[in-house]
Amino acid sequence: MSSLERPKRFGTRRILELCGQLIALGIVLAQVALVVAPIFADLSTLGGHDWDEKESQRHLVVKTIHEYGQFPFWNPYACGGHSAWASIQGGTSLVSLFLPVYLLLDFKHALRVEVVGAALLAATGTWLLAGRFTRSGAARAFACVVWVVNGRWALQASVGHVWHLYYAWVPWLLFLCDGAWTSRGAPHPLRFRYVVGAGVCWAMMVYNGAIYPLPHAALLLSIYSVTAAIVWRTLKPLQTVALSGIIGGGLAAPKLIPLLEELSRYPRLVESREVIDLNGFVQLLVARSQTVGSRPAHIVQWGWHEYGMYIGWIAVLALAISAIAARTPAERGWRWAGLCTLLLGFGYFHEYSPWALLHQLPIFKSQHVPSRWLYSSALALALVSVSVLERLLERAGRARLPLEWALLPVVGFIAYDIASEARMPMAQAFWMRLPPVAVSDTFVQHGKVPSSLQYPRPDYAPPALPAQMANVGVIDCTLHPGLNIWARDAQGNAPGLGAIGREDSRYRGEVFTVSGQGEVAIDRFTPNEIEVTVRGAKPGDRVALNQNYNPGWRVNGQRADNYKDVLSTTIASPQQHFVFKFRPHLLLPSLGVFFVTLSALILAWRRPRLLSRLRRKPIPST
């Protein structure tokens, strides 16, 4: 009997095995609960550091749906206005498992539900993925407790790097891609439903703003698939990755194509020369009391939240020994994936280091902080450990069950050890308190956040959420990679930044005529649609809105013009009504790609059924 086959008879051993599985699952859930518990200590608070930025992007989704019945296409409140939907981190709660939570619950509570839900999503996916290599509950729990909510997860979540939560899709992706072409550790004809499921995971990472998890998963899968293709002498793993990627791209097209178009106008190119030495590598894995402000080892850039990943000595030794003991094709494939990403995690230690070379490729030019690769490496090496442990348990014969039960307290200790360390940074996550917010009846842009809309205890960056809640725009923000305060020159200018705050001497109102002749007013203001009326204007003059220009804006059905990087259009008569509407550029063709992909999948699913019906249908007699 294969090691992954369950006993068919429901005897005492089977009952004990199931009990062990339940205890192992309980260990995983208890670890998650221990780590996230601190964020529920005070439900009136919001997150600090980068949480404000991510909270404002999620709040925009709720605001546009609840107050205006619109999709979160345009964000008029940040950086002078920009396409929220075409932003990597914008609108990420729209196509999300947690959209109903945000629409139904108090916003502060919904944020916490997303954190917990993402952790449970990751735990479930990792449990299933590990189950492809073992039937041991203790082994599956080991993979979960080492990876799901370890020190790196807690440090990243505590500072508001919410994209990190969507590593949760990675184990699901690996589970489905591996299951698409293997069965019980051997090649198998492609299972189309698994390939489609993997495509859905790719798409969800795009929709959820998984800027680092997605390319990390792509490289992990590429290394594993190439190794598997060589060892098993089959193209099935490569076909699975390619086909699932195509499906995922088609399903994610409504987000992906506008996003790529926006990046072509505002390329995100980041220098990345970060490096960690051997001592720093050891300390980030085993040093205790790791928080955002701690410094267990020397680092040259960023806070410790970009380096720490506590898993403890027992887990470190288990991963190292398993990597040496890898024997089966799957073990060797995941070992290579884990070691390659581990080497990338050391960063720019030489001009020809793996990260220095990889960073030259288009996708990775937009990324930095190579230590983030260590989280992906931990998952791959955990899978090696699970498979090696399964081989050892299989050799034990009838002693297997006692050994599995003996492993449970060891895994429980590792889980508690990691959780007790990871909960410390989580206790520092939610501490911001909103100021009193009075909602303005009329929208207005400010250069900087008004003092009345500052958090009582400020953080390092200009706040975004309070102003957005107050219906106030702020030019100095951090939400858009090409327009934010970090991307501007010494005079505060950036390409495409045309909107002006009311404190600026050049400010002419939220709507104005270029010549200054006539009266002009905003009749109705919503994020995606602004109605303007001019009276006594000069035909041939221009009416301009104090919002940054974007090719997705149309006025009375025609594309809006660019006047000094703000929206404008020509006035045809002395009295005229204008309706400015925004839809993301290339949204319609991207929706076409989505529906073509969906139709092709439906057709592929129904085709075998149609053929079987035709075969069963009797031929009419003549």
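Rules used throughout
Residues numbered from 1 in each chain as written. Predicted model: local features only at pLDDT ≥ 70, side-chain atom pairs only at ≥ 80, totals over all residues. Heavy atoms only, no water. Helix = DSSP H or I, 4+ residues; strand = E, 2+ residues; numbered from the N terminus. Rg over C-alpha atoms; globule rule 2.2 N^0.38 Å. Buried < 20%, exposed > 50% of the residue type's maximum accessible area, 1.4 Å probe, protein only. Contact = heavy atoms within 4.5 Å. Lys, Arg positive; Asp, Glu negative; His and termini not counted. Charge placed at Lys NZ, Arg CZ, Asp CG, Glu CD. Pairing = 2+ DSSP bridges. Axes fitted to C-alpha atoms, helices over the stretch in contact; angles between N-to-C directions. Parallel < 35°, antiparallel > 145°, perpendicular 65-115°, else oblique. Nonpolar A, V, L, I, M, F, W, Y, C, P; charged D, E, K, R; others polar. Phe/Tyr/Trp six-rings, centres within 6.5 Å; stacked < 30°, edge-to-face > 60°. Lys NZ or Arg CZ within 6 Å of the ring centre and 35° of its normal. Polar contact = N/O pair within 3.5 Å; in protein donor to acceptor, adjacent residues only side chain to side chain. Salt bridge = Lys/Arg side-chain N within 4 Å of Asp/Glu carboxyl O. Patch = residues over 30% accessible without salt bridge, like charges linked within 9 Å, V, L, I, M, F, W, Y side chains within 5 Å. Areas by Shrake-Rupley, 256 points an atom, 1.4 Å probe, with all protein chains shown as cover.

A. Examining the overall build of the protein more closely. A count of helical and extended segments in the protein gives 19 helices and 17 strands. For 622 residues, the compact-globule estimate of 2.2 N^0.38 gives 25 Å, and the protein sits close to it at 27 Å. Structurally, the protein occupies a C-alpha span of about 95 × 85 × 50 Å along its principal axes. Looking at the protein residue by residue over its 622 residues, the buried ones come to 58%. In the protein, 74% of the contacts between residues at least 6 apart in sequence involve partners at least 24 apart. Here the protein holds 58 positive side-chain charges and 38 negative ones, and the gap between their average locations is 14 Å.

B. Local environment of the sheet that holds strand S17 (residues 576-582). Pairing in this open sheet of five strands is antiparallel, and the strands run S10-S11-S17-S13-S14 from one edge to the other. At either margin of the open sheet sits one strand with a lone partner, and together these are strand S10 (519-525) and strand S14 (558-559).

C. Fine view of the packing of helix H9 (residues 213-232) against helix H10 (residues 236-251). Contact geometry of H9 with H10 gives a least axis separation of 7 Å together with a crossing angle of 150°. With respect to each other, H9 and H10 are oriented roughly antiparallel. Contact with H9, carried on its side by Leu221, Ser225, Val226, Ala228 and Ala229, involves Pro237, Leu238 and Val241 of H10 and no other residues of that element. In the contact of H9 with H10, the residues fall into seven nonpolar, one polar and no charged.

D. View of the packing of aromatic side chains. Applying the stated criterion to the full structure yields 21 aromatic pairs. Between the aromatic rings of tyrosine 102 and phenylalanine 107, the centroid separation amounts to 5.9 Å while the plane-to-plane angle is 50°, which identifies the pairing as tilted. Their ring planes at 10° and their centres at 4.4 Å tell us that phenylalanine 443 and phenylalanine 525 sit as a pair that is stacked. Of the two residues, phenylalanine 443 is situated in the loop between strand S6 (430-432) and strand S7 (444-446) and phenylalanine 525 in strand S10; the sequence distance between them amounts to 82 residues. For arginine 191, the ring lying beneath its charged end belongs to tyrosine 194, and the centroid distance is 5.4 Å. Note that lysine 255 overlies the ring of tryptophan 85, its terminal NZ or CZ placed 4.7 Å from the centroid.

E. Spotlight on the sheet that holds strand S12 (residues 542-548). Strand order across the open sheet formed by four strands is S9-S12-S16-S15, with antiparallel pairing between neighbours. Sheet topology places strand S9 (511-513) and strand S15 (561-563) at the edges, where each strand pairs with a single neighbour. Between one strand and the next, the sheet's axes are offset by a mean angle of 40°, whatever the strand orientation.

F. View of the side chain of serine 158. In this structure, serine 158 sits in helix H6 (residues 151-158). What makes serine 158 buried here is its relative accessible area of 4%. A distance of 2.7 Å separates a polar side-chain atom of serine 158 from the backbone oxygen of leucine 155. Once residues within four sequence positions are removed from consideration, serine 158 is found in contact with Gly48, Trp51, Val292, Pro425, Met426, Gln428 and Ala429.

G. Structural view of the pairing of S12. Buried residues dominate S12, accounting for six of its seven residues. Pairing analysis gives three bridges linking S9 to S12, with the strands arranged antiparallel. Note on S12: the bridge partner recorded for threonine 513 is valine 543.

H. Representation of the pattern of salt bridges within the structure. The final tally for this structure, using the stated rule, is 23 salt bridges. Note that arginine 391 is salt-bridged to glutamate 331, the shortest N-O span being 2.9 Å. In this pair, arginine 391 sits in helix H16 (residues 373-395) while glutamate 331 sits in helix H14 (residues 329-345), placing the two residues 60 residues apart along the sequence. Owing to a relative accessible area of 1%, glutamate 331 belongs among the buried residues under this scheme. Through salt bridges with shared partners, a single network forms among Glu390, Glu394, Arg400 and Glu404.

I. Spotlight on a nonpolar patch on the surface. Together, Val226, Ile230, Val231, Leu235 and Leu238 line one region of the surface with nonpolar side chains, adding up to about 420 Å² of accessible area. Among the elements that line the nonpolar patch, the one with the most residues is H9, at three residues. In this structure, valine 226 sits in helix H9.

J. Region of the structure containing the pairing of strand S16 (residues 566-570). Along S16, four of the five residues are buried, which leaves the element largely enclosed by surrounding structure. With five bridges joining them, S12 and S16 adopt antiparallel strand pairing. When the bridges of S16 are listed, asparagine 548 appears paired with valine 566. In this structure, S15 lies alongside S16, joined through three bridges in antiparallel fashion. Paired with tyrosine 563 across the strands is valine 566, a residue of S16.

K. Highlighting unusual backbone geometry. Phi is positive for serine 289, close to 60°, though the residue is something other than glycine. By secondary structure assignment, the location of serine 289 is in the loop between helix H12 (278-286) and helix H13 (312-325). Relative accessible area serves as the criterion here: at 43%, serine 289 is assigned to the partly exposed category. Positive phi outside glycine occurs at lysine 564, with the angle close to 50°. Within the secondary structure layout, lysine 564 lies in the loop between S15 and S16.

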